[in-house]
Amino acid sequence: MRAVTVTPGVPDSLRLTDEWPEPATEEGAILVQALAVGICGTDQEIISGSYGEAPPGQERLVLGHESLGRVLEDPTGTLQPGDLVAGVVRHPDPLPCPNCAVGEWDMCRNGQYTEHGIKGLSGFARDRWRVQPKFAVGLDPVLAPVGTLLEPTSVVAKAWDHIERIGSRAEWKPHSVLITGAGPIGLLAALLASQRGLSVHVLDRNTTGPKPGLVRSLGATYHTSPVGELDLEPDVVVECTGAPSVVLDAMCKVGPTGIVCLTGVSSGGRTIDFDAGALNRALVLENNVVFGSVNANRRHWDLAAEALARADQSWLNSLITRRVPVSEYADAYTSGGEDIKVVLDFAQ
Ligand SMILES: [Zn+2]
């Protein structure tokens, strides 16, 4: 069967093979026919050779962690043949840390977790894959065209879950949220914010392309000015750029008792002048919280599936700006200027 693979650590080793073996039954009882795989920056890092790890004893890693498929067979009866399904990306470490032991593998403390298509587990960019029931997330049939968005939405569902847990430390009635960066994560964070009835502001440097319209059709406000120049004091900031100056400005911009959730990964290595004392003073005197958030556990995947099913399906469809047949896989991994989300289509 077909599979898109790389040799981790070897730049430009991306290949499509027709001779990848069928998934081993040890991978899980549920056999799935792949429909599509979403592509993100992590895939690009793996292709560039700077990230990624093949399963033990294998040279090549199957890519793909943003999955969508249709159940072919499930002898456990958890799902029915024909059901839409996505596979949870991260698996807990085999000798679980305290968090993994209770299903909070998104909070793994020892880094021994594994991840499909990224770290030690085959990805979903292959014609068929298997999944264990506890890692299989069923989707509403209406999500067939857009279900690959479940993985990035799970990341955002976790971010909002933790924002609300932190908010509950005291009386908390948030009114406004600022989201920095209108990529897939930023736009999905804005969707979940609008579902919470918040006044939503999204900041991005793009003045053209689909982003301004997508933000406005959520009922949110689109900004292109620097964070520091915005005339608002948000209760929550969800930072999705990882750009150091935007991150620091976001920390300074948030209002009293504000919460800043950092989801963007910076590359590091660059230094900028910054008044750390002034930031410390603002954080202390206003009871502000800055925290990082990555990945998602099973509960967040289920919350994400509910959020997507409730969303405007044509809006979700607009986030997928290109659908590329597997035979033209190399095009899918070459980013286009105004792409939001590119999907590799296994049904073609
Ligand atoms: Zn762990």
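Scroll up for the structure.
All values reported here derive from a predicted model rather than from experimental measurement.

**Student:** For this particular structure, what's the right way to read the overall build of the chain?
**Tutor:** Broken down by element type, the chain carries nine helices and 19 strands. Its C-alpha atoms give the chain a radius of gyration of 20 Å, near enough to 20 Å, the size a compact globule of 348 residues would have. Structurally, the chain occupies a C-alpha span of about 60 × 45 × 40 Å along its principal axes. Residues classed as buried in the chain amount to 52% of the 348 residues present.

**Student:** Is there a simple way to think about the nonpolar core in this case?
**Tutor:** One recurring pattern in soluble globular proteins is that nonpolar side chains are buried together. In this structure, Trp-160, Ile-179 and Leu-316 are the most contacted members of the largest nonpolar core, which totals 97 residues. Not counting the four nearest positions on each side in its chain, Leu-316 is found in contact with Leu-143, Val-146, Leu-149, Leu-188, Leu-191, Leu-308 and Ala-311. Core analysis: the next-biggest nonpolar cluster, separate from the first, contains 10 residues, Leu-178, Val-227, Leu-232 and Val-260 among them.

**Student:** Please clarify how the environment of Pro-55 should be interpreted in this entry.
**Tutor:** Secondary-structure assignment places Pro-55 in the loop between helix 1 (41–47) and strand 4 (61–62). Residue classification places Pro-55 among the buried positions, given a relative accessible area of 8%. Here the alpha-carbon distance between Pro-55 and Lys-119, two residues 64 residues apart in the chain, equals 7.4 Å. Those residues in contact with Pro-55 that lie beyond four places of it in its chain are Arg-60, Leu-61, Gly-120, Leu-121 and Ser-122.

**Student:** Help me out: how do you make sense of the pattern of salt bridges in this one?
**Tutor:** Two side chains of opposite charge can pair, provided their charged atoms sit close to one another. Enumeration according to the criterion identifies 14 salt bridges in this entry. Put simply, Glu-164 and Arg-196 hold a salt bridge, and the shortest N to O gap is 2.6 Å. Here Glu-164, found in helix 2 (residues 150–167), pairs with Arg-196, found in the loop between helix 3 (184–195) and strand 13 (199–203); they are 32 residues apart in sequence, far enough to count as distant. Since its relative accessible area comes to 34%, Glu-164 is described here as partly exposed. Sharing partners across several salt bridges, the network here consists of Asp-161, Arg-165 and Arg-299.

**Student:** What is the right way to read the sheet that holds strand 1 (residues 3–6) from this model?
**Tutor:** Two orientations exist for strands paired in a sheet by backbone hydrogen bonds: parallel and antiparallel. The strand order 2-1-4 describes an open sheet built from three strands, whose pairing is antiparallel. Edge positions in the open sheet fall to strand 2 (15–17) and strand 4, since each of these has one partner strand only. One ladder, built from two bridges, connects strand 1 with strand 4; its direction is antiparallel. The partner of Val-6 across the bridge, within strand 4, is Leu-61.

**Student:** I keep staring at the sheet that holds strand 13 and nothing clicks. Help me out?
**Tutor:** A sheet is described by the order of its strands in space; here six strands give the open sequence 14-13-12-15-16-17, paired in parallel fashion. Where the open sheet ends on each side, the last strands, each with one partner, are strand 14 (221–223) and strand 17 (289–292). The mean angle between the axes of side-by-side strands here comes to 15°, regardless of whether they run parallel or antiparallel. One ladder, built from four bridges, connects strand 12 (residues 176–180) with strand 15 (residues 236–239); its direction is parallel. Residue pairing in the sheet places Ile-179 in a bridge with Val-238 of strand 15. With respect to the sheet, helix 3 is in contact with strand 12, strand 13 and strand 15, its orientation differing from that of strand 12 by roughly 170°.

**Student:** Please explain helix 6 (residues 276–285) as it appears in this structure.
**Tutor:** Side chains that are three or four residues apart share a direction in an α-helix, a result of its 3.6 residues per turn. A side-chain oxygen of the first residue of helix 6 lies 3.2 Å from the backbone nitrogen of Gly-277; this N-cap is Asp-275. Immediately downstream of helix 6, the backbone of Asn-287 shows phi near 55°, a positive value.

**Student:** What is the right way to look at helix 5 (residues 244–253) in this model?
**Tutor:** Those residues of helix 5 that fall on the buried side of the exposure criterion are Val-246, Val-247, Leu-248, Ala-250, Met-251 and Lys-253. Against the buried residues of helix 5 lie strand 12, strand 15, strand 16 (259–262), helix 6 and strand 17.

**Student:** Explain the coordination of the zinc ion here, please?
**Tutor:** Octahedral metal centres with six donors ideally show angles of 90 or 180 degrees, and tetrahedral centres with four donors ideally show 109.5 degrees. Taken together, the protein ligands of the zinc ion are Asp-93 (OD), Cys-97 (SG), Cys-100 (SG) and Cys-108 (SG), with distances of 2.0 to 2.4 Å. Each of the four donor atoms bound to the zinc ion contributes to angles spanning 86 to 135°, and the resulting shape is tetrahedral. All donors of the zinc ion come from a single chain, and their spacing in sequence reads D-x3-C-x2-C-x7-C. Residue Asp-93 is located in the loop between strand 7 (90–91) and strand 8 (114–116), and its partner Cys-108 is located in the loop between strand 7 and strand 8; the two are separated by 15 residues in the primary sequence.

**Student:** Is there a simple way to think about unusual backbone geometry in this case?
**Tutor:** With glycine set apart, most residues show a phi of negative sign, and most peptide bonds adopt trans. In the Ramachandran plot, Thr-257 falls in the positive-phi region, its phi being about 55° despite a non-glycine side chain. Residue position: Thr-257 is located in the loop between helix 5 and strand 16. In the Ramachandran plot, Asn-295 falls in the positive-phi region, its phi being about 65° despite a non-glycine side chain. Here Asn-295 is to be found in the loop between strand 17 and helix 7 (298–310). Its relative accessible area of 9% is what places Asn-295 among the buried residues.

Calculation criteria
- Residues numbered from 1 in each chain as written.
- Predicted model: local features only at pLDDT ≥ 70, side-chain atom pairs only at ≥ 80, totals over all residues.
- Heavy atoms only, no water.
- Helix = DSSP H or I, 4+ residues; strand = E, 2+ residues; numbered from the N terminus.
- Rg over C-alpha atoms; globule rule 2.2 N^0.38 Å.
- Buried < 20%, exposed > 50% of the residue type's maximum accessible area, 1.4 Å probe, protein only.
- Core = buried A, V, L, I, M, F, W, Y, C linked by side-chain atoms within 4.5 Å.
- Contact = heavy atoms within 4.5 Å.
- Salt bridge = Lys/Arg side-chain N within 4 Å of Asp/Glu carboxyl O.
- Pairing = 2+ DSSP bridges.
- Axes fitted to C-alpha atoms, helices over the stretch in contact; angles between N-to-C directions.
- Polar contact = N/O pair within 3.5 Å; in protein donor to acceptor, adjacent residues only side chain to side chain.
- Donors = N, O, S within 2.8 Å, 3.2 Å for Na, K, Ca; no water.
- Tetrahedral: all angles 85-135°; square planar, octahedral: opposite > 155°, others 65-115°.

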